[in-house]
Amino acid sequence: MFSMLTIDCRDVESIKSELVVYVSDQVAAIPTLKNHAFMLSSLDDQIIDKDVVITSIKEFLGSIGEGNNFAVISNNDVISIKSIYGKIIERDSLPNSDMFSCTHCGFLTRYEVELQNHMKLHYL
Ligand SMILES: [Zn+2]
């Protein structure tokens, strides 16, 4: 029985902030963000139901289509989300690969023509 849990997010770093919101909402706990992890503290020293936390993590992974790629492992007061096949979710880095960015201000676009038009603004 725990009033504080640590959720290890090493393998799902890019979805950590969304996961924190979802899980803390389900269990009515106060989240604290850490490097590669977040912690849940109960309100008024109540016990956090670990099963509910695990279930909501699995629900969230399922909702983004990653339910079969990650295992949720609990060990005392630590819950780890482990990649089963070595896959790591890198949502944030994906769109950038086929985008053009302005070297002056960081403006992002999918179209080279749009970038060229945008660049003209800097030379007015
Ligand atoms: Zn620019």
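Just above, that's the structure.
Residues numbered from 1 in each chain as written. Predicted model: local features only at pLDDT ≥ 70, side-chain atom pairs only at ≥ 80, totals over all residues. Heavy atoms only, no water.

What is the right way to look at the nonpolar core in this model?
Across soluble globular proteins, you tend to see nonpolar side chains buried next to one another. Counting 23 residues, the largest nonpolar core has I7, L40, V53, I57 and I81 as its most contacted members. Mapped onto this core, the elements with two or more residues apiece are β1 (4-8), α1 (16-27), β3 (37-42), α2 (50-63), β4 (70-75) and β5 (78-83). For this core, the element with the highest residue contribution is α2, accounting for five residues. (Core = buried A, V, L, I, M, F, W, Y, C linked by side-chain atoms within 4.5 Å. Buried < 20%, exposed > 50% of the residue type's maximum accessible area, 1.4 Å probe, protein only. Helix = DSSP H or I, 4+ residues; strand = E, 2+ residues; numbered from the N terminus.)

Looking at this structure, I do not really get α2. What am I missing?
Quick reminder: α-helices carry 3.6 residues per turn. Residues three or four places apart thus point the same way. Its 14 residues give α2 an end-to-end C-alpha distance of 20 Å, which sits within 8% of 20 Å, the value for a rise of 1.5 Å per residue. If you check the start of α2, you find a side-chain oxygen 3.0 Å away from the backbone N of D51, and it comes from D49. (Expected span 1.5 Å × (residues − 1). Polar contact = N/O pair within 3.5 Å; in protein donor to acceptor, adjacent residues only side chain to side chain.)

Help me understand the coordination of the zinc ion in this model?
Under ideal tetrahedral coordination, the four donors around a metal are separated by 109.5 degrees; under ideal octahedral coordination, the six donors are separated by 90 or 180 degrees. Looking at the zinc ion, one finds its protein donor set to be C102 (SG), C105 (SG), H118 (NE2) and H122 (NE2), positioned 2.0 to 2.3 Å from the metal centre. Geometry at the zinc ion is tetrahedral, judged from the four donor atoms that bind it and their angles of 101 to 119 degrees at the metal. We note that the donor set of the zinc ion lies within a single chain, spaced as C-x2-C-x12-H-x3-H. On the criterion of sequence distance, the pair formed by C102 in the loop between β6 (100-101) and β7 (108-109) and H122 in the segment after α3 (112-120) is long-range, its members being 20 residues apart. (Donors = N, O, S within 2.8 Å, 3.2 Å for Na, K, Ca; no water. Tetrahedral: all angles 85-135°; square planar, octahedral: opposite > 155°, others 65-115°.)

So what exactly am I meant to see when it comes to the packing of aromatic side chains here?
The geometry of an aromatic ring pair is captured by two quantities: the separation of the ring centres and the angle between the planes. Scanning the entire structure with this criterion turns up one aromatic pair. When the centroid spacing of 5.6 Å and the interplanar angle of 45 degrees are considered together, the rings of Y22 and F60 count as tilted. Taken together, the positions of Y22 in helix α1 and F60 in helix α2 put the pair 38 residues apart, joining distant regions of the chain. On the accessibility criterion, Y22 (28% relative accessible area) is partly exposed. (Phe/Tyr/Trp six-rings, centres within 6.5 Å; stacked < 30°, edge-to-face > 60°.)

Sorry, what's going on with the pairing of β5 here?
Remark: a regular strand shows side chains that alternate across the two faces of the sheet. Sheet analysis places β1 next to β5, joined by three bridges and oriented parallel. Bridged to I7 within β5 is I79. With six bridges connecting them, β4 and β5 associate as antiparallel partners. From the neighbouring strand, F70 faces β5, where its bridge partner is S83. Between the antiparallel neighbours β4 and β5 lie two residues, among them N76 with a positive phi of about 55 degrees. (Pairing = 2+ DSSP bridges.)

Structural measurements only, silent on function.
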